[in-house]
Amino acid sequence: MAGVRSAAPQLADIEPYDPKYIPAEVMISANENASDVPFDLRREIEREVRKLSFNRYPDPLANGLRDLIAEANGLDRDQVIMGNGGDELLFNIALAWGGPGRTFLNMPPTFTVYKNNAQLTNTAIVDVPRRADFSIDEEAVIERLSQGDIDYTIVTSPNNPTGNLVDTAFVERMLQASDTLVMVDEAYFEFSRLTARPLLGRYENLVILRTFSKAFSLAGVRMGYMLGSETVLREFKKVRQPYSVDAVSQAIARVVYAHRAEFERGIELIISERARLLDELGMTEGLTVYPSDANYILFRLNDGVDAGEIWQRLLDAGVLIRDFSRAPGLENCLRVSVGSPEENSRFLEELRKVLK
Ligand code: PMP
């Protein structure tokens, strides 16, 4: 038997992504929207999908969607690019701006996909860790960028899993510090309403990442997009897989985006439920809760309480949340996504029981 030779060496230390998506009665672990796309929109989606020719390749760049998004943001089509989820665009930034001999600046703890993509593409990683309260060490970041050797960086606002926002004035300082490509990952921006969008016209080195997975209830469909300068997006077009965004997903996302105003009420509900969860968790003994501008909340169990055990006991009680207790910088932390009002109440009830 010949066996098989080893995969590329940079894969050796990488764990395959595992969302630990275990079936449970209450699924509040993946920052999804608890509500599905409204019924009337699903009907319209069905009509649109029926019109498609499945034997034909889709429009590679999804120009129909690009135009809708460009118009909503006061931009041209060439300043918008679509991806197979935001995830594809996160991979593509590493392909286009990373690689051997190139460097990515990361601000952990943050979304772990950034680091993985840098490792996969043999990009060097410079970490500027966040402070104990998860705020960014702004001076350290600016100082590091000013050295001039960072090829790209990603700043997440609100940050996942910590929930805190990035100050727009700081983003602008990053953009001015060097010609580093700065991605602002706004996957959760609809829950904070703060965006770096006003800076786009002035800085060629800025790109903004968004997704349909959260506010627009389309995590199962895989659709993300990026706003940026035509010069930068031209490079992203070179590395993307030609047909990464399929015809069915394009049709679904077009209907949803055209009717995005109908999602406003759902977003409002998530924001008010987030406030209730923050209040209730703040009054719960045995833990520290961190402020959040997203659709999830991070909390840390007090010393002497094992977060992994609390996570397991919640799961045994039918409630799945996300365990970060072994992640660097997030020791003994758990993250709960804002679910429906009933799901949130059930979570609070079960959490109080297991903490007793
Ligand atoms: N950025 C952040 C910070 C995220 O949390 C996620 C989803 N987990 C994404 C990007 C990508 O989302 P999607 O691929 O579903 O668009």
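Below or above, wherever it landed, is the structure these notes cover. The shown structure was predicted, so the numbers you read here are calculated from the model rather than taken from an experiment. (Residues numbered from 1 in each chain as written. Predicted model: local features only at pLDDT ≥ 70, side-chain atom pairs only at ≥ 80, totals over all residues. Heavy atoms only, no water.)

## Here's the deal with the packing of aromatic side chains
Reasoning step 1: For the coordinates displayed, the defined rule picks out 12 aromatic pairs.
Reasoning step 2: Judged by centre distance (4.7 Å) and plane angle (25 degrees), the rings of F104 and Y152 are stacked. One end of the pair, F104, is in strand β3 (residues 103-106); the other, Y152, is in strand β5 (residues 152-156), and 48 residues separate them in sequence. For the pair shown, F104 and Y152 are each scored as buried.
Reasoning step 3: In this arrangement the basic side chain of R335 is found over the ring face of Y296, its NZ or CZ atom lying 5.6 Å from the centre. (Phe/Tyr/Trp six-rings, centres within 6.5 Å; stacked < 30°, edge-to-face > 60°. Helix = DSSP H or I, 4+ residues; strand = E, 2+ residues; numbered from the N terminus. Buried < 20%, exposed > 50% of the residue type's maximum accessible area, 1.4 Å probe, protein only. Lys NZ or Arg CZ within 6 Å of the ring centre and 35° of its normal.)

## Things to note about the sheet that holds strand β13 (residues 333-337)
Reasoning step 1: Strand order in this open sheet of 4 strands is β9-β10-β13-β12, and the pairing throughout is antiparallel. Of all strands in the sheet, those with a lone pairing partner are β9 (287-289) and β12 (322-323), marking the two edges.
Reasoning step 2: Bridging between strand β10 (residues 296-301) and β13 involves 5 bridges; their strand directions are antiparallel. Across the sheet, residue L298 finds its bridge partner in β13, namely R335.
Reasoning step 3: Against the sheet, helix α9 (residues 264-282) contacts β9 and β10, and its axis sits at roughly 10 degrees relative to β10. (Pairing = 2+ DSSP bridges. Contact = heavy atoms within 4.5 Å. Axes fitted to C-alpha atoms, helices over the stretch in contact; angles between N-to-C directions.)

## Things to note about the sheet that holds β3
Paired through their backbone hydrogen bonds, the strands of a sheet run either parallel or antiparallel.
Reasoning step 1: Taken in spatial order, the 7 strands line up as β2-β8-β7-β6-β5-β3-β4 in an open sheet, and their pairing is mixed. The sheet terminates laterally at β2 (80-83) and β4 (124-127), the two strands that pair on one side only. Mean inter-strand twist for the sheet, computed between neighbouring axes without regard to direction, equals 25 degrees.
Reasoning step 2: In this sheet, β5 lies alongside β3 in parallel orientation, the contact comprising 2 bridges. In the sheet register, L105 faces β5, and the bridge partner there is T153.
Reasoning step 3: The sheet strands contacting helix α2 (residues 63-72) are β2 and β8 (224-228), and the helix crosses β2 at an angle near 130 degrees.
Reasoning step 4: The sheet strands contacting helix α6 (residues 168-177) are β5, β6 (181-185) and β7 (206-211), and the helix crosses β6 at an angle near 160 degrees.

## Describing the packing of helix α3 (residues 85-97) against helix α7 (residues 230-239)
Reasoning step 1: Where α3 contacts α7, the two axes come as close as 9 Å, and the packing angle between them is 100 degrees. Between α3 and α7, the crossing angle belongs to the class labelled roughly perpendicular. Touching L89, N92, I93, L95, A96 and W97 of α3 are V232, E235, F236 and V239, all from α7.
Reasoning step 2: Its residues assigned to classes, the contact of α3 with α7 shows 8 nonpolar, 1 polar and 1 charged. (Parallel < 35°, antiparallel > 145°, perpendicular 65-115°, else oblique. Nonpolar A, V, L, I, M, F, W, Y, C, P; charged D, E, K, R; others polar.)

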